[in-house]
Amino acid sequence: MKVEYPTSESSMQLNQLKLLKDRYPGIKVGYSTHEDPNTFDIVPIAIGMGAEVLEKHVGVATDEYDLNVYSVSPEQMDKWLENASRAVKACGLEETRHDATKKELSDLRTFKRGVF
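Attention in this report is confined to the structure presented alongside it.

## Things to note about the overall build of the chain
- The helix and strand tally for the chain stands at four helices and two strands.
- When the elements of the chain are put in sequence order from the N terminus, they spell out α-β-α-β-α-α.
- A principal-axis box enclosing the C-alpha atoms of the chain has dimensions of 70 × 35 × 25 Å.
- Here the chain holds 116 residues, and 28% of them are scored as buried.
- Excluding contacts between residues fewer than 6 apart, the proportion of contacts in the chain whose partners are at least 24 apart in sequence is 56%.
- About 9000 Å² of surface is accessible on the chain, with carbon and sulfur atoms providing 54% of the total.

## Description of the pairing of strand 1 (residues 30–33)
- The side-chain alternation of strand 1 yields one buried face, formed by Tyr-31 and Thr-33, and one unburied face, formed by Gly-30 and Ser-32.
- Pairing analysis gives four bridges linking strand 1 to strand 2 (residues 53–56), with the strands arranged parallel. Considered in strand 2, the bridge of Tyr-31 is made with Leu-54.
- Handedness of the crossover is the feature at issue here: the chain leaves strand 1, passes through helix 2 (residues 42–48), returns alongside strand 2, and the resulting connection is right-handed.

## Notes on the layout of surface pockets
- Estimated volume of the second largest pocket: approximately 330 Å³.
- What lines the second largest pocket is a set of 15 residues, among which Ile-47, Gly-50, Ala-51, Cys-91 and Glu-94 lie closest to the centre.
- When residues of the lining of the second largest pocket are traced back to their parent elements, those giving at least two are helix 1 (15–23), helix 2 and helix 3 (74–91).
- Among the elements that line the lining of the second largest pocket, the one with the most residues is helix 1, at three residues.

## Focus: the side chain of Glu-35
- Within the fold, Glu-35 resides in the loop between strand 1 and helix 2.
- Looking at Glu-35, the relative accessible area reads 1%, which means it is buried.
- Polar contacts involving the side chain of Glu-35 include one to the side chain of Tyr-31, which spans 3.1 Å.
- Apart from the residues within four sequence positions on either side, Glu-35 is in contact with Pro-6, Thr-7, Met-12, Ile-42, Lys-56, Tyr-70 and Trp-80.

Cut-offs and rules
- Residues numbered from 1 in each chain as written.
- Predicted model: local features only at pLDDT ≥ 70, side-chain atom pairs only at ≥ 80, totals over all residues.
- Heavy atoms only, no water.
- Helix = DSSP H or I, 4+ residues; strand = E, 2+ residues; numbered from the N terminus.
- Buried < 20%, exposed > 50% of the residue type's maximum accessible area, 1.4 Å probe, protein only.
- Contact = heavy atoms within 4.5 Å.
- Areas by Shrake-Rupley, 256 points an atom, 1.4 Å probe, with all protein chains shown as cover.
- Pairing = 2+ DSSP bridges.
- Right-handed = clockwise from strand over helix to strand, strands pointing away.
- 1 Å grid on protein atoms, 1.4 Å probe; cavity = no way out; pocket = protein on both sides within 12 Å on 5 of 7 lines; lining within 4 Å.
- Points joined across faces, edges and corners; volume = space filled by probe spheres on them.
- Polar contact = N/O pair within 3.5 Å; in protein donor to acceptor, adjacent residues only side chain to side chain.

What follows is the structure, given as structure tokens:
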């Protein structure tokens, strides 16, 4: 197993999340992240691949200690969590088909086209 801190995008192997979910149905799969602290678009992909538990390193630089290369500041963590939250909302239901909203049904009737 190769470990990189921070982890490069080519080493993320996010498809492994789907593999683990398929291999262990009913077991929550998590994502422990070590990408560059200014990367905020990987966590939505992990969530979309099925990650249900998320782990991220957070730190605060001091006069005595620098922030390491894979930990986020509290401000970066806010942005990371915002992206994670948006991903959860956008992914929606997984186990069942969602019920159409009134607006969706109305829009479908409005945009109905003929079939040829």
